[in-house]
Structures are given as structure tokens and as C-alpha cells.
Amino acid sequence: MKKDIDFHPVTGVKLAIAKDYVNGNEEWSVYIINLNLIELNTVMITSKGYGIIDGEQRKTSTLRHMIEQLGSQSIAKVEPIDPSVFVLNNEFWVSYYILDQIFDKKFIFTEGSMDPSHIRMIPELGLEGVLHG
């Protein structure tokens, strides 16, 4: 059972939503950044959006991703993200192993997180976006 698993605090792992230009078109994507000096194994990421739009409760589909191995001090693109969901809370649940220990953290980009006033250069990516640590 989950309550019996000893989860350790997550350090050195960040998520970012950043924009890139591909063939002249703006594209937004979610990235996982491993700043640790050790690789992450069996990285599982679940994403969903939820919130209220025009007075109605809305939610997106739940997406699941698995990255077998994320090397030390490396980056992986998790998924593209449509800017129309930036008005929602966008939740990413990340679980991974380092050696035989499991780590688990929920990252939530709250509604308004992607406001243009919050967009900054993310040095690890060389792209503009919002970094969540």
C-alpha cells in the first residue's frame, strides 16, 4: 500500500513549461529537468488539468508518460501542451527511482502561472517559460 512506502523528499528535479519556435510556429511543451549528479530511473509522469471556466467545472484527460532513464544533469521533453489549458490548474505527478529508493512529487502550475508577466528565460533549456521546482 502507498502508505507503507517510504517516499523521500525530491531535490534537484524541476518541471518547466516553455515555448519554442518550430518552422516559425510557437509551440509549448512540458520538460523535466534532472539537476542531480545521478540518473533517475523509471520516471513516471501523470498530467491533468482542472479548474473553472465560465462558471463551469472543467477537466482535461489524464495523460501518462514513462521515461525509462533520465541521465544525470539532463532534460527530457514530456509532452506538448496547448496554451488553451493555461487557464486551468495543470498538475504533474512525478515518481522515479534513484537506485532502489522511490521519490514522488506533485508539481502544480496554477491558473495564471503562465501569465506573460511570469515568463522568464530558463537557462537549463535556453527557452522562455515558467520553471517549477
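Residues numbered from 1 in each chain as written. Predicted model: local features only at pLDDT ≥ 70, side-chain atom pairs only at ≥ 80, totals over all residues. Heavy atoms only, no water.

Q: How should the sheet that holds strand 10 (residues 127-132) be read in this particular structure?
A: In a beta sheet, neighbouring strands are held together by backbone hydrogen bonds and run either parallel or antiparallel to one another. Taken together, 5 strands build an open sheet; the order of strands is 6-2-1-10-9 and the sheet is antiparallel. Strand pairing shows two members of the sheet lacking a second neighbour, strand 6 (74-80) and strand 9 (120-122), which therefore form its edges. Looking at each pair of strands side by side, their axes are set apart by 45° on average, direction ignored. Here strand 1 (residues 13-22) pairs with strand 10 via 5 bridges, running antiparallel. By the bridge assignment, Ile17 is partnered in strand 10 with Val130. (Pairing = 2+ DSSP bridges. Helix = DSSP H or I, 4+ residues; strand = E, 2+ residues; numbered from the N terminus. Axes fitted to C-alpha atoms, helices over the stretch in contact; angles between N-to-C directions.)

Q: Could you clarify how one ought to interpret the environment of Pro123 in this entry?
A: Structurally, Pro123 is set in the loop between strand 9 and strand 10. Taking the C-alpha atoms as reference points, Pro123 and Gly49, separated by 74 residues in sequence, lie 26 Å from one another.

Q: How should unusual backbone geometry be read in this particular structure?
A: Apart from glycine, the bulk of residues carry a negative phi angle, and the bulk of peptide bonds sit in the trans form. Here the phi dihedral of Asp54 falls at roughly 50°; this positive angle occurs in a residue that is not glycine. Along the chain, Asp54 falls in the loop between strand 3 (40-53) and strand 4 (56-59). Even without a glycine there, the phi angle at Leu99 is positive, about 55°. On the secondary structure map, Leu99 appears in the loop between strand 7 (89-98) and strand 8 (101-109).

Q: Even after reading the chapter, I still don't get the pairing of strand 8, so can you show me in this structure?
A: Within a regular strand, the side chains alternate between the two sheet faces. Sheet topology note: the strand 7/strand 8 ladder contains 9 bridges and is antiparallel. Considered in strand 8, the bridge of Glu91 is made with Ile108. The turn linking strand 7 back onto strand 8 is made up of 2 residues, and Leu99 within it adopts a positive phi angle of 55°.

So far we have only geometry, and geometry alone does not tell us how the molecule works.
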